[in-house]
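Observations on the three-dimensional arrangement
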Amino acid sequence: MRANRFICSLAVLALVITGCRREAAEGYLARNGGSGYTIAPPPNPAAPEEFAAQELQKYVKRVTGVELAIDANAKSPAIFIGRPNGAARALLEDRRPDSYAVLRDGADLYLTGNTPAGTLYAVYHLLENHAGCSWLQPGDEVVPQRAEIRLPDYLQEVEEPKFDYRNLNLYPFIADRNLRNADWAAKSRLNWVHACTNSSTLWEDFDSRRTLIPELKKRGIHLNYGGHTFNTWVSPKKYYKDHPDYFSLVNGKRDPAQLCVSNPEVARVTAENISAFLDRNPEIEMVDLWLNDVTKWCECEGCRRMEGRQRKSVFGEGKGFETRTNSNIKFVNAVAGELARRHPKVLLQTLAYFMVIDAPDVKPAENVMVGFAPIMRMPSADGRRTGYYYPIYMPGHEINRTRLAEIEKWLKIVRPERFFTYEYYSHATTARRMIGLDTMPQDLEASLLDRSKMRFHVFTDAMAKEISYYHEIGMNNISTEEWDWNELNMYAYPRLQWRPELSANSIVADYSRRAYGNAARPMMDHWLTLQEAREQYPARRAECLALLKQAAEMTAEAAQLRRIRAVEEIWSHTP
């Protein structure tokens, strides 16, 4: 009797296995509580490949309740992670780094990139496009509940980024927020984050090497460190008393507002301190040497000689600022030379900003990355029709045009691989105060961000046109601040770096469908109304509130209602 029961059990198990394999052959990743698939990472996976297998297992289970096994020795049918077959290799040949392929070959599925991070992106692509998952904002995701996940009979999808340096600034630098942003960045296929601590000790205060870096490593995200760091590397607290000559001469007095860049000791001390920091944090691949965030500069005779020919800066729109770019680049190059000797794989970044925005007569060193910050493009308080509501090339908007002219000059001096734009695609209107020397680790979002000051800055259409234009003129790199997290702009930002041909309206429609479900149409109309209104959006209040009311009546889903209420809250604080 026991033998018969055992034989019956084996027969049932065989039927189950046969059924699962049949469903796998039909393209079901999971169905009716089971699956014929096993996830097969490489035998010795890189950290992002191992994480890719774990993420696929996690989200398939959350969607269907089915937990796929992970086994590097799995046989067909399997989901091969980072293990391309011949067809996948051919699809990825000669493409930019981080390109990836999602390929079905019979019952097998291949998720692979030409970098380990690209393989992770392939998993997120599959989950986003074939399992219904969405990552809208850091900490806000959509994971549907489904009985099954079925792949198309023919599945061959390849994605290639059009920008190599796809960066998200971690600013304000707050521990929990950093982790959420880094997770969202990877899911949105951004490959760098920029830890902007400025002249604070927040990197150490938040124990970032232990808490942040492991999360970046497993996602294949590169790390840029610094921000406005003249006083990070040459601290007034440490050096001013004994070496006031290290600091800028302003109105006849030594002032720690900036450094005295012509003093060779300043370059030596800066290089030593940067190198010591990199010795303690070897994971950092790019480090900043930016002027402090004030419009002063050293007026000593040495710095004036270092600058050379005097010329007016485009910064300040006629307020009389003189260009200081030559002296800044010469100083940065002096530090870069020593850095190249001690840390040859690390790039030193400088920022074309304020009175050093103008293109120089001096070529930056090979290990110098230049970020161009088109500061003062942002819409002004008096409502002038300038700034990010219009693409940088827009005729008749002279402030933007002067910035574009300088970008074109820089590109004649610096190779595209060593140049990027530092954008402000998410405006900072909520700041209670800016992060400075006195920032403490307890200054978390509740104390730094005042949501009652949040405003709508929907310039998705201008951003789409601008990023497409950047691609057309040969730019490879782009970065943005993300302080207020203007949701639509930030959703569009990474997508346009992979596919700059996308229209803003198609991105708005995609976001609305994923974020609001049955209420997608009135919410899409709401966002398109704001996009059309540009900075004059308060005049459309009645129309927009009616759309929000309509949207709220069309869904009972809690997360969708929460997102609608968040938009209503901004309107409630809008003058």
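Here we summarise the structure given alongside this text. Just so it is clear, the model here is predicted, and its values are computed rather than measured. (Residues numbered from 1 in each chain as written. Predicted model: local features only at pLDDT ≥ 70, side-chain atom pairs only at ≥ 80, totals over all residues. Heavy atoms only, no water.)

1. Considerations on the overall build of the protein chain
Looking only at helices and strands, the protein chain features 21 helices and 20 strands. For the protein chain, whose C-alpha radius of gyration is 26 Å, the value lies close to the compact-globule estimate of 25 Å for 575 residues. Oriented by its inertia axes, the alpha-carbon framework of the protein chain measures out at about 100 × 60 × 45 Å. Taken across its 575 residues, the protein chain has 57% of its residues classed as buried. In the protein chain, 73% of the contacts between residues at least 6 apart in sequence involve partners at least 24 apart. In the form shown here, the protein chain has an accessible surface area of approximately 23500 Å², with 52% of it arising from carbon and sulfur atoms. Seen as two clouds, the 74 positive and the 73 negative side-chain charges of the protein chain have centres 1 Å apart. (Helix = DSSP H or I, 4+ residues; strand = E, 2+ residues; numbered from the N terminus. Rg over C-alpha atoms; globule rule 2.2 N^0.38 Å. Buried < 20%, exposed > 50% of the residue type's maximum accessible area, 1.4 Å probe, protein only. Contact = heavy atoms within 4.5 Å. Areas by Shrake-Rupley, 256 points an atom, 1.4 Å probe, with all protein chains shown as cover. Lys, Arg positive; Asp, Glu negative; His and termini not counted. Charge placed at Lys NZ, Arg CZ, Asp CG, Glu CD.)

2. Points about the sheet that holds strand β3 (residues 69-70)
Judged by pairing direction, the sheet is mixed, and its 6 strands sit side by side in the order β3-β2-β4-β6-β5-β10 without closing on themselves. Two strands close off the open sheet at either side, each with one partner strand: β3 and β10 (156-159). In the sheet, strand β2 (residues 38-40) pairs with strand β4 (residues 78-81) via 3 bridges, with the strands oriented parallel. Paired with Ala40 across the strands is Phe80, a residue of β4. (Pairing = 2+ DSSP bridges.)

3. Quick word on the packing of helix α20 (residues 541-553) against helix α21 (residues 558-572)
To describe two helices that pack against each other, one gives the angle between their axes and the distance between the axes. For the pair α20 and α21, the least separation of the axes is 10 Å and the interaxial angle reads 160°. Considered as vectors, α20 and α21 are oriented roughly antiparallel to each other. Crossing hand, α20 versus α21: left-handed. Residues Arg541, Cys544, Leu545, Leu548, Ala551 and Ala552 of α20 form the contact with α21, whose participating residues are Leu561, Ile564, Arg565, Val567, Glu568 and Trp571. Of the residues assigned to the contact of α20 with α21, the class counts are 9 nonpolar, no polar and 3 charged. (Axes fitted to C-alpha atoms, helices over the stretch in contact; angles between N-to-C directions. Parallel < 35°, antiparallel > 145°, perpendicular 65-115°, else oblique. Left-handed = near helix turned anticlockwise from the far one by under 90°. Nonpolar A, V, L, I, M, F, W, Y, C, P; charged D, E, K, R; others polar.)

4. Regarding the nonpolar core
Core analysis: the biggest nonpolar cluster contains 164 residues, and Leu56, Ile79, Leu111, Leu127, Trp203, Phe331 and Trp527 have the highest contact counts within it. Among the elements that make up this core, the one with the highest residue count is helix α4 (residues 116-130) (8 residues). (Core = buried A, V, L, I, M, F, W, Y, C linked by side-chain atoms within 4.5 Å.)

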